[in-house]
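# Reading the structure
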Amino acid sequence: MHWEPDKECMDLEELEQLQLEQLQSTLNRVYSHVPFYRKKFDALGITPEDVGSLDDLARLPFTTKADLRDNYPYGLFAVPMREVVRIHASSGTTGAPTVVGYTRNDIRTWSNLVARILTAGGVTKDDVVQIAFGYGLFTGAFGLHYGAERIGASVIPASSGNTTRQIQIMKDFKTTALVSTPSYALLVGETMQEMGIPVSALSLRYGLFGAEPWSDAMRQEIEGRLGIVATDNYGLSEVIGPGVSGECQERQGLHINEDHFLVEVIDPEKLRPVPPGETGELVITSLTKEAFPMVRYRTHDLSSLLPGPCPCGRTGRRMSRVTGRTDDMLIIKGVNVFPSQIERVLFEIEGTEPHYQIVIERKGAMDEATVMVEAGESIFFDQMRRQREMVDTIRKRLAHELGISVDVKLVEKKTLGRSEGKAKRVIDNRKL
Ligand code: DLL
């Protein structure tokens, strides 16, 4: 099922022609309306007219989060404020927030792109969609809300938090699709169990999850607990919010809305494209945005471009799940470690709950990492011997996967903090 089949299944040559025309108009727009871009292009001796093919994109300068901060709040807007009808911001984990704006047309585009993703994830106008993202400056709730309304679904703006109430609403209002972060979906499943509400009491069929990395193992866990088909969708506020890419029912990678975004994958050190299919950092250029166009934005998200057609008929390229961020990468004892690697190992071990946290300390010159893992009740009521065996198994498997030794601590169910938005997996107490 497609929302805009003529666009989503476009002939590839036609798509490239469209991308080039839109790229040229975006470059003209930023060159004439945003002093920041004009200065950068001038410094490199490039004018928009020099870009005659999509390959010329590689000659353009990158834009970074620091550039957004330096131009806080409205310095990168390409239209006067009277044309801006919406403002969002991302708080990020460090530093000043970054502010983004939308014209009326941008909101229309955004809603359509999210409608594509919801449709690909199974949602139709017959669905009742519960949005369990926080409504506010975060783009997640409003983006998915507008997309679901665009389709004609019945939208419940439940917002985040108050999980027992969410479940009550889900049951009473006969919600058929849940929209949230994957970690929140797990918490919903867990809370249902505690409330004694079986999956059969709900009408849920689909889950559309995004805004943070998750694994296929986590998908299976969520699908089992909630009795749904779960799809992944990706986006970031600097580029538009949700709506950049999303999985279809084949779940073989996320379809990129390529008629609106040009996606490159680069080596984050050498800053050159990696060979097709290899993992690197996503760099995204917006092609149709009016208020806040973006040229070669370095996302710091790690993914790869997947070749070949998808049985669903969409023709654009797909990207693999985002496994983490270049700046999510921990360096422990000199070794690169991603939280997603730890998650994968824990999901394979019976008796552990899918909740974990990594705590890193520095003792003298040495890093010490402890992985706190919630253990199921049966383990806690068991003898010490079984607990020790489990710690040992986890430690060995982690050492094998990560290439370094880490401490493992079992904690009781529900000891680790739960997040209603993006999960916090890492506590780094090192003063580096
Ligand atoms: O999280 C937009 C969004 C909302 C996407 C709802 C999907 C659903 P930001 O708050 O600006 O925007 O955070 C963007 O979150 O650079 C990634 O690191 C991460 N991220 C977003 N979606 C995924 C995903 C929204 N599906 C940052 N998988 C991005 C992995 C994701 N990471």
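Residues numbered from 1 in each chain as written. Predicted model: local features only at pLDDT ≥ 70, side-chain atom pairs only at ≥ 80, totals over all residues. Heavy atoms only, no water.

## Overview of the sheet that holds strand β5 (residues 177-180)
Taken in spatial order, the nine strands of this open sheet run β4-β3-β5-β6-β7-β8-β9-β14-β13, and their pairing is mixed. Strands at the two margins of the open sheet, each flanked by one partner only, are β4 (154-156) and β13 (305-306). When strand β9 (residues 254-256) meets strand β14 (residues 318-319), the two strands line up antiparallel, connected through two bridges. Across the sheet, residue His255 finds its bridge partner in β14, namely Arg318. The strands touched by helix α9 (residues 216-226) within the sheet are β5, β6 (206-210), β7 (229-236) and β8 (241-247), with β7 carrying the most contacts at an inclination of about 130°. (Pairing = 2+ DSSP bridges. Helix = DSSP H or I, 4+ residues; strand = E, 2+ residues; numbered from the N terminus. Contact = heavy atoms within 4.5 Å. Axes fitted to C-alpha atoms, helices over the stretch in contact; angles between N-to-C directions.)

## A look at the site of the ligand
Close contacts around the ligand come from 21 residues, with Asp232, Asn233, Ser237, Asp301 and Lys422 the closest. Within the backbone of Ala211, an N or O atom sits 3.0 Å from a nitrogen atom of the ligand. At 3.5 Å from a nitrogen atom of the ligand is found a main-chain nitrogen or oxygen belonging to Pro213. Those elements that place two or more of their residues in the shell around the ligand are α6 (139-151) and β7. When residues in the shell around the ligand are grouped by element, the largest group, five residues, is from β7. Split by residue class, the shell around the ligand holds eight nonpolar, seven polar and six charged. (Near = heavy atom within 4 Å. Polar contact = N/O pair within 3.5 Å; in protein donor to acceptor, adjacent residues only side chain to side chain. Nonpolar A, V, L, I, M, F, W, Y, C, P; charged D, E, K, R; others polar.)

## Quick notes on helix α10 (residues 339-348)
Judged by how many residues are buried, α10 sits mostly within the fold: eight of 10 residues are covered. Among all positions in α10, only Pro339, Ser340, Gln341, Ile342, Glu343, Val345, Leu346 and Phe347 are buried. For α10, the elements touching its buried residues are α9, β17 (335-337), β18 (352-363), β19 (366-375), α12 (384-402) and β21 (426-428). (Buried < 20%, exposed > 50% of the residue type's maximum accessible area, 1.4 Å probe, protein only.)

## Points about the packing of aromatic side chains
Tallied over the entire structure, the rule returns nine aromatic pairs. Relative to Phe77, the ring of Tyr74 has its centre 5.1 Å away and its plane inclined at 45°; by these criteria the two rings are tilted. A relative accessible area of 38% places Tyr74 in the partly exposed class. Taking relative accessible area as the criterion, Phe77 reaches 6% and is therefore assigned buried. (Phe/Tyr/Trp six-rings, centres within 6.5 Å; stacked < 30°, edge-to-face > 60°.)

## Quick word on unusual backbone geometry
In this chain, Tyr72 is followed by Pro73 through a cis amide linkage whose omega measures -5°. On the secondary structure map, Pro73 appears in the loop between α4 (65-70) and β1 (84-90). The residue Ser159 is not glycine, and still its phi comes out positive at about 65°. Inspection of the secondary structure puts Ser159 in the loop between β4 and α7 (163-172).

## Considering a nonpolar patch on the surface
Taken together, the side chains of Tyr74, Met81 and Ile87 make up a nonpolar region of the molecular surface, amounting to roughly 250 Å² of accessible area. Within the secondary structure layout, Tyr74 lies in the loop between α4 and β1. (Patch = residues over 30% accessible without salt bridge, like charges linked within 9 Å, V, L, I, M, F, W, Y side chains within 5 Å. Areas by Shrake-Rupley, 256 points an atom, 1.4 Å probe, with all protein chains shown as cover. Salt bridge = Lys/Arg side-chain N within 4 Å of Asp/Glu carboxyl O.)

## Here's the deal with the sheet that holds strand β20 (residues 407-412)
Pairing between the strands of a sheet comes from backbone hydrogen bonds, and it takes one of two forms, parallel or antiparallel. One open sheet holds the four strands; their spatial order is β20-β19-β18-β21, and the pairing between them is mixed. Each edge of the open sheet is held by one strand with a lone partner, namely β20 and β21. Taken over all neighbouring pairs, the strand axes of this sheet differ in orientation by 20° on average, direction set aside. Sheet strands touched by α12: β18, β19 and β20. Its angle to β20, the strand with the most contacts, is close to 135°.

## Description of the nonpolar core
The biggest cluster of nonpolar side chains holds 65 residues, and the ones touching the most others in it are Leu118 and Tyr234. At six residues, helix α5 (residues 104-120) tops the list of elements feeding residues into this core. Excluding residues that lie within four positions of it along the chain, Tyr234 makes contacts with Pro242, Gly243, Val244, Ser245, Leu254, Leu282, Ile284, Thr299, Asp301, Met319 and Val322. (Core = buried A, V, L, I, M, F, W, Y, C linked by side-chain atoms within 4.5 Å.)

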